[in-house]
Amino acid sequence: MRSHIALAFALPAMLALAPLFAAGDESDDRATPRDAERIVRGAVKRIEKVGKEKAFAVFNDPEGSFTYRDLYVAVYDFSGKCLAHGADKSRIGKVLIDDKDADGRLFIRERVAKAKADGKGWQEYKWLNPFTKKIEQKIAYFEVVDDVIVMCGAY
């Protein structure tokens, strides 16, 4: 009985997110930048619908509805503090504004500046793929909602 109740609550969320992935590239296990953009748009809607606290709890779940293939959601405030992270919970609560990518770029500082200027956009950098454990090129899409930056990137 309990599993039926859990499914009854989970099913609407899964069905609501299904269109986010319908047009993705099914050729391998990697998601596309287009998939990342869809996830960010869905994450923004989730924040607007249920609030940050409830949305962040879902984003932080590596088995949750905002994790797809090798994609996950991360959320930062404008100081570079990580508020949610679907692949590495150790980053949550830390100010990461001075993090550098594999080429030495201050990519979070760069993202914050772009987010302040444009409200949304794309960013490329080299980062450790938590699934392959290799440094890879990443293209991330981000949007500002309220006072946070919601991002997701494809490797």
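In what follows, the accompanying structure is described. Everything numeric in this text was worked out from a predicted model, so none of it was measured.

The subject of this paragraph is unusual backbone geometry. With a phi angle near 50°, Arg69 is a residue other than glycine that sits in the positive phi range. Unlike most non-glycine residues, Lys133 shows phi in positive territory, near 65°. Tracing the chain through its elements places Lys133 in the loop between β3 (120-129) and β4 (134-145).

This part takes up the packing of aromatic side chains. Enumeration over the complete set of coordinates arrives at five aromatic pairs. Both rings, one in Phe56 and one in Phe59, keep their centres 6.1 Å apart while their planes meet at 40°; by these two values the pair is tilted. You can see Phe56 and its partner Phe59 sitting in helix α3 (residues 52-59), three residues apart, about one turn around the helix. Here Phe56 falls in the buried class, since its relative accessible area comes to 12%. By the ring-pair criterion, three or more aromatic residues cluster together here, those being Phe56, Phe59 and Phe66.

Further remarks concern the nonpolar core. Among the nonpolar cores identified, the biggest contains 22 residues, and Ile39, Ile47, Phe59, Leu71, Val73, Val75 and Val150 are the most heavily contacted of them. Sorting the residues of this core by element identifies α2 (33-50), α3, β1 (73-77), β4 and β5 (148-154) as the ones contributing at least two each. Listed in part, the 17 residues of the second largest apolar core include Ala74, Ile97, Phe142 and Met151.

Definitions and limits used
- Residues numbered from 1 in each chain as written.
- Predicted model: local features only at pLDDT ≥ 70, side-chain atom pairs only at ≥ 80, totals over all residues.
- Heavy atoms only, no water.
- Helix = DSSP H or I, 4+ residues; strand = E, 2+ residues; numbered from the N terminus.
- Phe/Tyr/Trp six-rings, centres within 6.5 Å; stacked < 30°, edge-to-face > 60°.
- Buried < 20%, exposed > 50% of the residue type's maximum accessible area, 1.4 Å probe, protein only.
- Core = buried A, V, L, I, M, F, W, Y, C linked by side-chain atoms within 4.5 Å.

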